[in-house]
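Architecture at a glance
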Amino acid sequence: VYKTLGEVVGVGYTAGGASLVALDPQVSGSAGIASFNNVVWSASTISAGGCMIYNSDYSNAACSTHSFSGTVSSNNGDFTVVMPNFTETEALWRLV
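Description of the structure in this document.

The rules behind each value
Residues numbered from 1 in each chain as written. Predicted model: local features only at pLDDT ≥ 70, side-chain atom pairs only at ≥ 80, totals over all residues. Heavy atoms only, no water. Core = buried A, V, L, I, M, F, W, Y, C linked by side-chain atoms within 4.5 Å. Buried < 20%, exposed > 50% of the residue type's maximum accessible area, 1.4 Å probe, protein only. Helix = DSSP H or I, 4+ residues; strand = E, 2+ residues; numbered from the N terminus. Contact = heavy atoms within 4.5 Å. Pairing = 2+ DSSP bridges.

Examining the nonpolar core
One finds Tyr 13, Phe 36, Val 39, Trp 41, Ile 46, Ala 48, Ile 53, Phe 79, Val 81, Met 83 and Leu 92 forming the largest nonpolar core, which totals 11 residues. Of all the secondary structure elements, the ones that give two or more residues to this core are β3 (39–55) and β4 (61–81). No other element matches β3, which puts 5 residues into this core. Non-local contacts of Phe 79, meaning those with residues more than four positions away in its chain, are made with Val 39, Val 40, Trp 41, Ser 44, Ile 46, Ala 48, Phe 68, Val 72, Ser 73 and Ser 74.

So, the pairing of β3
Bridge count between β3 and β4: 14 bridges; the pairing is antiparallel. The residue of β4 that forms the bridge with Cys 51 is His 66. Connecting the antiparallel pair β3 and β4 is a turn made up of 5 residues, with Ser 59 showing a positive phi of about 55°.

Notes on the environment of Thr 71
In this fold, Thr 71 is placed in strand β4. Between the alpha carbons of Thr 71 and Ser 47 there is a distance of 6.3 Å; along the sequence they are 24 residues apart. Once you skip the residues sitting within four places of it in the chain, Thr 71 turns out to touch Ser 47, Ala 48 and Gly 49.

Here you go:
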């Protein structure tokens, strides 16, 4: 469940994050795949080690959490979460 405890705080970032724009779910090879467009916080100064995707329409239920494999920072610039390639082997969410 999404909570503000431990959430990033910084210039250009608003608590709760950003709304994601979903790509149309597809079948690719033997997998059902789903993902989202990249997310950008412009002119931001923040640092984060990961993110959580949650559904604000369903009591802020967590859908998934993701590590950035280290701290990623921006300093009065773009902080971009780059989603994986939308393929059978790399999509953010894969169901086989």
